[in-house]
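# Breakdown of the fold
Each chain is listed here by its residues.
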Amino acid sequence: NLAPLAEFSKHTKLANLMLDYDFDNRVRALSYGVKIGESRIPSLATSAAGWKVWSDTTFPIDYSVDPKSFLAISAADVIDGKVSPHLISGRIAFIGTTTDTLGDQYFLPGYGRMGGVYIHAIGAESLIKGRPLDLGWLAALLISACIGTLAVATRRALLQNLLLAGGAFLIL
């Protein structure tokens, strides 16, 4: 049975938290959802972003979203009543651990190791901004080859440098 516990079922929805990470402990993409038996379960990011689209594919995570832009509140402060309800009312809330003790730490480019909850939040923000586009490595290879060919064909050093610098800027 995949349903939430009865005491939570009217306040929550089921979501998939699975992360696929690479050899360097970096999550490059999140799934839109998974199918288990006859049930289709959206990922936490898909559900939080309000997407109703079902797909068993993945989407790239937009790591230009700064994880430090998310408001982080201690569970102890919530329990102790130190957090105003107005501070979190009407917001999407992710509840998760950020301790290394539980092993839920992943590498976020530009920020180092952070809790897995941040990956789900960044994934949701990626979807809220629009359908993520992953051009893959082939587009960068073709652009590099064209710019490299133009730079080699050009005899003027200044133009070669401008082409190579502009190409590097375009690809990055």
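See the structure shown above.
The following paragraphs examine the structure supplied in this document.

## What to know about the overall build of the chain
Regarding its fold elements, the chain presents 6 helices and 6 strands. Taken over the C-alpha trace, the chain has a radius of gyration of 21 Å; the compact-globule value for 172 residues is 16 Å, which it surpasses by more than 25%. For the chain, the spread of C-alpha atoms along the principal axes amounts to about 75 × 40 × 30 Å. The proportion of buried residues among the 172 residues of the chain is 25%. For the chain, contacts bridging at least 24 residues in sequence account for 59% of all contacts bridging at least 6. Of the side-chain charges in the chain, 15 are positive and 14 negative, and the distance between the mean point of each set is 8 Å.

## Quick word on the nonpolar core
Val27, Leu30, Ile61, Tyr63, Leu108 and Ile119 are the most contacted members of the largest nonpolar core, which has 20 residues in total. For this core, the element with the most residues is helix H4 (residues 116-128), which contributes 6 residues. With sequence-adjacent residues up to four places away left out, Leu108 is seen in contact with Tyr63, Pro67, Met114, Tyr118, Ile119 and Ile122.

## Considerations on the environment of Ser64
Of note, Ser64 is situated in the loop between strand S4 (58-60) and helix H2 (75-79). Along the backbone, Ser64 and Met18 are 46 residues apart, and their C-alpha atoms lie at a distance of 22 Å. Here the side chain of Ser64 touches Asp62 through a polar contact of 2.6 Å, side chain to side chain.

## Thoughts on the side chain of Ser31
Structurally, Ser31 is set in strand S1 (residues 29-31). The residues touching Ser31, leaving out its near neighbours within four places in the chain, are Asn16, Ser43, Thr46, Thr57, Thr58 and Phe59.

## Here we look at the pattern of salt bridges
The full count for this structure, using the stated rule, is 5 salt bridges. The salt bridge involving Arg28 is made with Asp24; its shortest N-O contact spans 3.3 Å. For Asp62, the salt bridge identified is with Lys129, shortest N-O distance 2.8 Å. With Asp62 in the loop between S4 and H2 and Lys129 in the loop between H4 and helix H5 (136-153), this residue pair connects regions lying 67 residues apart in the sequence. What makes Asp62 partly exposed here is its relative accessible area of 24%. What you see here is one network of salt bridges that share partners, running through Asp22, Asp24, Arg26 and Arg28.

## Brief notes about unusual backbone geometry
Positive phi is not limited to glycine here, since Asn25 has a value of about 65°. Mapping Asn25 onto the fold places it in the segment before S1.

## Quick notes on the environment of Ile61
Among the structural elements, Ile61 can be located in the loop between S4 and H2. The exposure class of Ile61 is buried, given its relative accessible area of 9%. Setting aside residues up to four positions removed in sequence, Ile61 forms contacts with Val27, Arg28, Ala29, Leu30, Ile119, Ile122, Gly123 and Ser126.

## A word on the packing of aromatic side chains
Inspection of every chain in the model, using the stated rule, returns 3 aromatic pairs. On the basis of an interplanar angle of 45° and a centroid distance of 5.0 Å, the ring pair of Tyr32 and Phe59 is categorised as tilted. Residue Tyr32 is found in the loop between S1 and strand S2 (33-36), and its partner Phe59 is found in strand S4; the two are separated by 27 residues along the sequence. Members of the aromatic cluster, joined through ring pairs, are Tyr32, Trp51 and Phe59.

What counts and what doesn't
- Residues numbered from 1 in each chain as written.
- Predicted model: local features only at pLDDT ≥ 70, side-chain atom pairs only at ≥ 80, totals over all residues.
- Heavy atoms only, no water.
- Helix = DSSP H or I, 4+ residues; strand = E, 2+ residues; numbered from the N terminus.
- Rg over C-alpha atoms; globule rule 2.2 N^0.38 Å.
- Buried < 20%, exposed > 50% of the residue type's maximum accessible area, 1.4 Å probe, protein only.
- Contact = heavy atoms within 4.5 Å.
- Lys, Arg positive; Asp, Glu negative; His and termini not counted.
- Charge placed at Lys NZ, Arg CZ, Asp CG, Glu CD.
- Core = buried A, V, L, I, M, F, W, Y, C linked by side-chain atoms within 4.5 Å.
- Polar contact = N/O pair within 3.5 Å; in protein donor to acceptor, adjacent residues only side chain to side chain.
- Salt bridge = Lys/Arg side-chain N within 4 Å of Asp/Glu carboxyl O.
- Phe/Tyr/Trp six-rings, centres within 6.5 Å; stacked < 30°, edge-to-face > 60°.

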